[in-house]
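Reading the structure
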Amino acid sequence: MNRAATIALAPLSFLYGAAVNIRAALYRNGIFKTQTVGVPVLSVGNITTGGTGKTPLVEWIAGRLSERHRVCILTRGYRRANPSQRIVVSDGERIVADPEQSGDEAMMLARSLVGKAAVVCDANRVAGARWAIENLNAEVLILDDGFQHVRIGRDLDIVTLDATNPWGDGRRLPAGILRESIHSLSRADCIVVTRSNNAIETGLQERIKQATDAPAFRSTTVISRISALGSPQVEADRGTLRQLPVAAFCGIGNPNAFFRQLRDEGFNLRHTEVFRDHHKYSQTDIDRLTQHATDAGAHALITTAKDAVKLTSMRFPLPCYVIEIEMQIEEADTLLALIDEAIEIRRYELSR
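A short tour of the structure in this document, coming up. (Residues numbered from 1 in each chain as written. Predicted model: local features only at pLDDT ≥ 70, side-chain atom pairs only at ≥ 80, totals over all residues. Heavy atoms only, no water.)

1. A closer look at the overall build of the protein chain
When you go through the protein chain residue by residue, the secondary structure sums to 11 helices and 13 strands. For 352 residues, the compact-globule formula gives about 20 Å, and the C-alpha radius of gyration of the protein chain, at 21 Å, lands near that figure. Projecting the C-alpha coordinates of the protein chain onto the three principal axes gives extents of approximately 65 × 50 × 40 Å. Long-range pairs, those at least 24 residues apart, make up 74% of the contacts in the protein chain between residues at least 6 apart in sequence. (Helix = DSSP H or I, 4+ residues; strand = E, 2+ residues; numbered from the N terminus. Rg over C-alpha atoms; globule rule 2.2 N^0.38 Å. Contact = heavy atoms within 4.5 Å.)

Here's what the structure looks like:
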């Protein structure tokens with residue numbers, strides 16, 4: 001965003017920040033009521049817009065908790081066809097919706113967690129939570145993007161900070177990407193710093209400590225597997241693919257992090273193309289992309305799992321491969337112990 005636009009939007013940022021602060025004060029003083037739902041609730045969120053790595057963390061937590069609990073992920077389902085309608089994306093055993101109904105991130109979570117966790121889209125998290133408890137027998141709920149959704153009570157607030165851009169430019173929406181000020185981290189129970197190996201701010205840990213006493217965990221993402229689009233069950237040979245000149249494209253919150261990861265892992269990127277976050281692809285997009293890739297000398301395309309859920313009906317003149325990632329967390333056992341403790345405390349309180 002250029003300087004003139006930033007200055008023009010500054011009054012709106014002031015009003016946005018004032019509205020956020022007033023709303024928080026109303027909840028803090030009990031004028032607006034936080035509602036509990038009868039099972040432990042974990043929230044994973046952030047204080048900025050864009051891709052901070054919260055969705056991979058939701059997947060990581062849900063996968064591990066599923067070994068001991070019936071887990072349901074509650075998400076808004078951004079940019080889905082009917083945002084006011086409750087959509088069951090997965091009942092925990094099978095996918096029962098399509099990407100148009102659910103949105104891309106909810107579908108990506110559902111596909112990666114089949115047999116492990118249910119996924120429900122509902123703009124009303126309280127109603128969605130109660131429905132999941134009654135109809136899916138959910139024992140633990142995970143709020144995807146829940147830090148600002150304080151209407152539903154939670155037992156653990158986890159906030160992700162992207163080490164490559166933790167505070168944006170320090171400006172509130174819409175002039176910047178901050179949803180809340182850095183001081184809002186004082187509400188968090190723990191911090192997970194994502195992409196910590198690519199941190200651009202040397203004093204990040206110290207700045208976090210100034211804002212909160214909550215423990216902070218470092219994490220990175222790695223490529224877990226690569227498959228051909230439409231054939232997720234068949235893993236591609238990574239070594240062979242690295243030898244090909246390729247073009248990468250995506251419509252995610254932090255596209256540069258995706259391209260950097262490919263380069264760091266030795267892929268020969270001849271062309272990159274960025275679409276808007278949650279972009280709904282058309283065949284015209286793919287044809288234009290393919291032409292650009294071919295002109296740059298690429299022999300194949302690479303995209304993300306989030307994008308792939310919207311691409312299966314498209315025709316690709318070049319082979320298209322899908323990158324899946326997984327999160328690796330330093331001191332993961334300590335983080336899991338913190339999560340387990342929050343769950344057990346809530347269960348004990350509910351049993352009294």
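2. Focus on the packing of helix α2 (residues 54-65) against helix α4 (residues 104-112)
Following both chains from N to C, one finds α2 and α4 inclined at 30 degrees, their axes separated by 11 Å at the closest point. It follows that α2 is roughly parallel to α4 by the angle criterion. Handedness of the α2/α4 crossing: right-handed. Two secondary-structure elements touch here, α2 through K54, T55, V58 and E59 and α4 through E105, M108, L109 and S112. In terms of residue class, the contact of α2 with α4 is built from three nonpolar, two polar and three charged. (Axes fitted to C-alpha atoms, helices over the stretch in contact; angles between N-to-C directions. Parallel < 35°, antiparallel > 145°, perpendicular 65-115°, else oblique. Left-handed = near helix turned anticlockwise from the far one by under 90°. Nonpolar A, V, L, I, M, F, W, Y, C, P; charged D, E, K, R; others polar.)

3. A short note on helix α5 (residues 125-136)
For α5, the full list of buried residues reads R125, V126, G128, A129, A132 and L136. Down the axis of α5, the sector holding all buried residues measures 165 degrees, keeping them to one side. Contacts from the buried residues of α5 go to β2 (71-75), β4 (117-121) and β5 (140-144). Among the residues of α5, the N-terminal cap falls to N124, whose side-chain oxygen and the backbone nitrogen of V126 are separated by 3.2 Å. (Buried < 20%, exposed > 50% of the residue type's maximum accessible area, 1.4 Å probe, protein only. Arc of directions from axis to C-beta. Polar contact = N/O pair within 3.5 Å; in protein donor to acceptor, adjacent residues only side chain to side chain.)

4. Here's the deal with the pattern of salt bridges
Tallied over the full model, the rule gives 24 salt bridges. Of the charged contacts, one joins D144 and K54 as a salt bridge, the two residues approaching to 3.4 Å between their closest N and O atoms. Taken together, the residues span a long stretch of sequence, with D144 in strand β5 and K54 in helix α2 at a distance of 90 residues. For the pair D144 and K54, a shared accessibility class is recorded, and that class is buried. (Salt bridge = Lys/Arg side-chain N within 4 Å of Asp/Glu carboxyl O.)

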